[in-house]
Amino acid sequence: MESFEELLVRAEAAHGHLCAGQILGVRMALLGLAHLGIADPRGADRKRLVTFVEIDRCATDAIALVTGCRLGKRALKFRDWGKMAATFADLDTGRAIRLVALETSRDLARQRYPHIESKSQQQMLAYRELADADLFTGQWVRVHIDSADLPGYRGQRITCPLCGEGVNFGRFAEVAGRRLCLSCARPELRYWSPAAPASGEAG
Ligand SMILES: [Zn+2]
Ligand SMILES: [Zn+2]
């Protein structure tokens, strides 16, 4: 795999800018991989890893880049918990490590670079240098991943009888003996509602 600095260059290009989150994310991913003994996550080991991320911030992009785990491959799982944390699960060994970025690392960055005014500059410098133990805590965990949630799984696809839209395996609910898509079965889960047609637009 590339060096830390090479990964940062790639992370910056993919994310659009270099920021403290990219540095933290690259380091978190490298630490997770090191714990699991996965050396080549985007090459020889590319089918071994599933990564759960718990925040939709800058670091998430870096974690996806380093691990090669992507939403579109079903290897990146997002839990919207607002935590700078990620769990790296090795499908080969069944081992998983959950890493959490320490809130105290911001204070350490300020202490280390008090003469630098910008907090993000302080953090970008410090997050390169601080020891792993100053940046993260880790815990070995068990992760159950349903077979239908594993990368590469193929299963039955249904058509929702109410809205007529196709739905992949497992993402439907039985309601009165009918298999409905989740947005028809549980409208309270919908993130959208129909918009009123703009004037002059066909309804
Ligand atoms: Zn960023
Ligand atoms: Zn439906």
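Draft legend 1. Geometry of the nonpolar core. If you look at the biggest cluster of nonpolar residues, it comprises 43 residues, and the most contacted ones within it are Met28 and Ile63. At the level of elements, helix H1 (4-15), helix H2 (20-36), strand S1 (49-53), helix H3 (58-67), strand S3 (85-90), strand S4 (96-101) and helix H5 (119-129) are the ones that each hand at least two residues to this core. With eight residues, the top contributor of residues to this core is H2. For Met28, the residues in contact, after removing those within four places along its chain, are Ala59, Ile63, Ala86, Leu99, Ala101 and Phe136.

Draft legend 2. Region of interest: the sheet that holds strand S2 (residues 76-78). Reading across from one edge, S2-S1-S3-S4-S5 is the order of the five strands in this open sheet, with mixed pairing throughout. Looking at the sheet topology across the chains shown, the edges are occupied by S2 and strand S5 (136-141). Strand-to-strand, the axes of this sheet are offset by a mean angle of 20°, without reference to chain direction. Two strands pair when backbone bridges link them, and S1 and S3 are joined in this way by five bridges, in the antiparallel orientation. When the bridges of S3 are listed, Thr51 appears paired with Phe88.

Draft legend 3. Main features of the pairing of strand S8 (residues 172-175). Pairing between S8 and strand S9 (residues 178-181): four bridges, direction antiparallel. Within the sheet, the bridge partner assigned to Glu174 lies in S9 and is Arg179. The loop that links S8 with its antiparallel partner S9 comprises two residues; one of these, Ala176, has a positive phi angle of about 50°.

Draft legend 4. Molecular detail of the domain arrangement of the protein chain. For the protein chain, the domain assignment lists domain 1 (4-149) and domain 2 (155-203). Spacing between the C-alpha centres of domain 1 and domain 2 amounts to 35 Å.

Draft legend 5. Main features of the pairing of S3. Most of S3 is tucked away, with six of its six residues classed as buried. In S3, alternate side chains face the same way, and those of Ala85, Thr87 and Ala89 on one face and Ala86, Phe88 and Asp90 on the other are all buried. Note: S3 against S4, five bridges, orientation antiparallel. When the bridges of S4 are listed, Ala89 appears paired with Ala96. What sits between the antiparallel neighbours S3 and S4 is a turn of five residues, in which Gly94 has the positive phi angle 80°.

Draft legend 6. Molecular detail of the packing of H1 against H2. Their axes nearest at 10 Å, the elements H1 and H2 cross at an angle of 125°. When the axis of H1 is compared with that of H2, the two are oblique. Here H1 and H2 pass one another in a crossing that is right-handed. Contacts between H1 and H2 involve Phe4, Leu7, Leu8, Ala11, Glu12 and His15 from the former and Gln22, Ile23, Gly25, Val26 and Leu30 from the latter. Of the residues assigned to the contact of H1 with H2, the class counts are seven nonpolar, three polar and one charged.

Here is what the cut-offs are and how they apply
- Residues numbered from 1 in each chain as written.
- Chains lettered and ligands numbered in written order.
- Predicted model: local features only at pLDDT ≥ 70, side-chain atom pairs only at ≥ 80, totals over all residues.
- Core = buried A, V, L, I, M, F, W, Y, C linked by C-beta atoms within 7 Å.
- Buried ≥ 20, exposed ≤ 12 C-beta atoms within 10 Å, placed from the backbone.
- Helix = DSSP H or I, 4+ residues; strand = E, 2+ residues; numbered from the N terminus.
- Contact = placed C-beta atoms within 7 Å.
- Pairing = 2+ DSSP bridges.
- Axes fitted to C-alpha atoms, helices over the stretch in contact; angles between N-to-C directions.
- Domains from an automatic or database assignment.
- Parallel < 35°, antiparallel > 145°, perpendicular 65-115°, else oblique.
- Left-handed = near helix turned anticlockwise from the far one by under 90°.
- Nonpolar A, V, L, I, M, F, W, Y, C, P; charged D, E, K, R; others polar.

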